[in-house]
Amino acid sequence: MAITSIKNLKEFSTNNDRFEGAHTLCPGCAHSMIVRELMNCTDDNLVISSNTGCLEVSTAVYPFTSWDTSWIHIGFENAATAVTGAEAMHKARKRKGTLKDNDAPVKFVAFGGDGSTYDIGFQWLSGAVERGHDFTYICLDNENYANTGGQRSSATPIGATTSTAQAGTHSYGKKEKKKDLVAIMAAHGAPYVAQLAPNKWKSMAKGFQKALETEGPCFINTVSPCTTEWRFDPKDTILLTDLATDTLMFPLYEIIDGHELNILYRPKNVLKVEDYLGAQGRYKHLFKPENRHVIEQIQKNINEYWDMLQRREEARI
Amino acid sequence: MAEKFDIQDREVWDGNYAASQALRQARVDVVAAYPITPSTPIVENYGAYVANGYVDGEFVMVESEHAAMSGCVGASAAGGRVATATSSQGFALMAEVLYQASGMRLPIVLTVVNRALASPLNVRGDHADMYMGRDSGWIQMDAFNSQEAYDLTLCAFKIGEDHAVRLPVMVHQDGFITSHTAQNVYPLQDDKAYDFIGDFKPVDDLLDFSRPVTYGAQTEEDWHFEHKAKQHKALMDSRPVIDAVFEEFEKLTGRKYNRVESYNMEDAEVVIVALGTTVETAIVAAQQLREEEGIKAGVVAIRCFRPFPFDQVREALKGAKSIAVLDRSSPGGAMGAFFNEVSAALYTTDTRPLVTNYIYGLGGRDFSIDEAKRIFKEQKAHADAGYITTDIQQFSGLRGPKLGYFQTQRG
Ligand SMILES: Cc1ncc(C[n+]2csc(CCOP(=O)(O)OP(=O)(O)O)c2C)c(N)n1
Ligand code: SF4
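Residues numbered from 1 in each chain as written. Chains lettered and ligands numbered in written order. Predicted model: local features only at pLDDT ≥ 70, side-chain atom pairs only at ≥ 80, totals over all residues. Heavy atoms only, no water.

### Things to note about the packing of helix α3 (residues 65–77) of chain B against helix α4 (residues 88–103) of chain B
Residues and elements named next belong to chain B. Cut-off, in case you're wondering: Here, axes are lines fitted to C-alpha atoms. For helices the fit covers the stretch in contact, and angles between N-to-C directions go from 0 to 180 degrees. A run of DSSP states H or I qualifies as a helix once it reaches four residues; a run of E qualifies as a strand once it reaches two. Both are numbered from the N-terminal end. Each angle is binned into one of four classes, with values under 35 degrees roughly parallel, values over 145 roughly antiparallel, values of 65 to 115 roughly perpendicular, and all other values oblique. Rotating anticlockwise by less than a right angle from the far helix to the near helix defines a left-handed crossing, while the corresponding clockwise rotation defines a right-handed one. Residue contacts follow a heavy-atom distance rule, with two residues in contact if any of their heavy atoms lie within 4.5 Å. Amino acids are sorted into nonpolar (Ala, Val, Leu, Ile, Met, Phe, Trp, Tyr, Cys and Pro), charged (Asp, Glu, Lys and Arg) and polar (every other residue, Gly among them).
Their axes nearest at 7 Å, the elements α3 and α4 cross at an angle of 25 degrees. Judged on the interaxial angle alone, α4 and α3 are roughly parallel. Seen along the crossing, α3 lies across α4 with a hand that is right-handed. Judged by residue contacts, E65, H66, A68, M69, S70 and V73 of α3 engage G90, L93, M94, E96, V97, L98 and A101 from α4. Residues of the contact of α3 with α4, tallied by class, amount to eight nonpolar, three polar and two charged.

So this is what it looks like as structure tokens:
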């Protein structure tokens, strides 16, 4: 059943989907929630590729697979190109009439972590989007290289401690700002780009559907709290996501054709970023007196970014 | 349907054009490619076929060679015919994905126009890239001229896509010497070429949704070993298929290919073993030496570098007294890679001929008939003495003082 016909979360969560539960992601990992939303929001045939990372190593360990759909993994960086190769083959075979079912709708989707998307696979993603293939790329943004044990990526925010950008006596953790990949992908002229979160499951499903239905390359960034590296209780994944969206640390918006920006969620009460930072282990050191200025800096950045988003929404640029 | 391309029974083609015509005639579904000297004209020619409607597959000009092979992997898993071309640095950038393609048993055809690997940067031909691919689980075939570049590319599709094989295939040709030198080529008409290769018959097709497949799963010590063993077996088992395809091709064209080619080997005592365009140079040198000096010289060439024709190499060389194995690639602190393979085959023969290793032609350095004659004469000296009279490894055609390595006790 497609999510379009599902009214509430209970119905959704008990839906028989094409991503089987028997995977080995950590309890509380948001990756699986996001993948299931994608699988459940459409009835179309799916060809999915995955970059190397937590999702891939936990869902297809021979002789088992969690994927009850066409699925391919080749490397850490090239899932975008692999799925667009399949998309090109689909076009060629459709034209030549060599498909089993020539008229069945097929959607092409690539999943990558933030490491594979923001860093090592950035070139492959950029190239595939520039070439205009009809596919959707979904980044599972847990802001670190979780599968190799929590190293920094260019998606890691200022102040987080990671195994390669550690907080210590001479450091408050990562010093550089998170790369604004959503803006970069919008600047590619992709027809649909969005930032979504699994706590807002209906808007996430809508965003996914829009991306799948839009012809051409679409990019979606999704916040994916990582219980292991962010250090919080596995039962609190959605709580952490709520805090991420309500502090505007992770604002939800879409950009259509590179210019039309729509904010998808406006918190009634915008919370202070401290509430979000304090709920997880990776920012604990920021609450020491000598690091308070980093929290202030993060709050300032959030305010400025939110201001910018609102102005862009108003101005339609 | 693609536009008809008029083709004569005899054309004047260089190796790149020959390879691109084979891709056109194979009606490849997806070509994903990136330019690099000296294989660039292959993708340019293909671009011209696309622009003029001579092909009806998809042509994806990606942003790098790594992406070219990545796109080929996705496309091949989606159940159609796939090809690309590259050289040197592009080949090196593809290296990661070469293993992924063969591990997933995808019958991609890759035309490799051989070229040196930097540094120093050099666009001319040697075999550094060919040897870099030797453990990647691909079938590797070697063309010695433009005709063969065309013929072997057609054969490559038929071999790789055979359901008993299902492996990717590289067809090598020498940078510039083959790729940019025009000569007479006798092509097949389109329908004949296509009939020979046949339609692509998918197995485990990503686009067959009645039976979803998982490609590229993870394995650790529990299964990885078994997968690699099966992959090796598939490579070894491709040998009769290669022979059968060559036989069928001979029936069609009269042109006979063997996994190991022998020239003047009936009574040869001194032999050059080589790859690529060097083979033809060595054959001329051998013939001249036979006429001029009565030296019983012969040439053995490896057509199919992977799977390595171990038995056939042994058989071809069993009468030889002294053998020079020519490596067109830097040995990198050891004996040449090709030398090691040929010597391994010879080690198990009863006759155990003398074997030496010549490093030559790096970065496009010319390899002349005179040079080949000089090598033959050195072999003759070894054969007459009954032992190796020079260093076992030496550089041939190098400017400056002679470089030789690895001596044996003489006499
Ligand atoms: C070319 C290459 N470099 C490095 C690695 C090692 N590696 C595997 S997964 C991974 C990190 C994955 O991080 P991310 O993409 O953020 O996904 P996550 O595991 O966090 O979901 C790394 C560094 C690799 N597999 N391939
Ligand atoms: S380490 Fe993090 S991202 Fe990886 S499976 Fe566990 S919770 Fe998920």
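### Some remarks on the domain arrangement of chain B
Residue and element names in this part refer to chain B. Which entries qualify depends on this criterion: By convention here, the domain bounds are inherited from an automatic or database domain assignment. Here the buried area means the combined drop in accessible surface, using a 1.4 Å probe, for two parts upon being joined, counting both sides. Salt bridge criterion: a side-chain nitrogen from Lys or Arg within 4 Å of a carboxyl oxygen from Asp or Glu. Polar contacts here mean pairs of N or O atoms no more than 3.5 Å apart (in protein, one a potential hydrogen donor and the other a potential acceptor; neighbouring residues in sequence count only if both atoms are side-chain atoms).
On domain assignment, one finds that chain B holds domain 1 (11–253) and domain 2 (260–407). Each partner contributes to the interface: domain 1 provides 30 residues, whereas domain 2 provides 26 residues. Carbon and sulfur atoms supply 58% of the area buried between domain 1 and domain 2, which totals about 2,200 Å² over both sides. Looking only at domain 1, the three residues that lose the most surface to domain 2 are Y131, R134 and F144, adding up to 33% of its buried area. The interface formed by domain 1 and domain 2 holds three salt bridges in total. At the surface where domain 1 touches domain 2, the tally comes to twelve residue pairs in polar contact (both at pLDDT 80 or more).

### Here we look at the state of the cysteines
Simply put, disulfide is the name for a covalent bond between the sulfur atoms of two cysteines. All names here are of chain A. The criterion, for reference: The rule for a disulfide is simple: a pair of cysteine sulfur atoms within 2.5 Å. The rule is simple: take the accessible area with a 1.4 Å probe, protein chains only, and divide by the maximum for that residue type; under 20% is buried, over 50% is exposed, in between is partly exposed.
A full pass over the atoms with the stated rule returns zero disulfides over all chains. Free of any disulfide, C218 has its nearest cysteine sulfur in C41, 12 Å distant. Exposure remark for C218: the relative accessible area of 1% places this residue in the buried category.

### Observations concerning unusual backbone geometry
P63 of chain A follows Y62 of chain A through a cis peptide bond whose omega is 5 degrees. Positionally, P63 of chain A belongs in the loop between α3 (54–59) and β2 (70–73). Backbone torsion omega between T37 of chain B and P38 of chain B reads 0 degrees, so that peptide bond is classified as cis. For R105 of chain B, which is not a glycine, the phi torsion comes out positive at approximately 55 degrees. Positionally, R105 of chain B belongs in the loop between α4 and β5 (109–114). Note on R105 of chain B: relative accessible area 22%, which makes it partly exposed.

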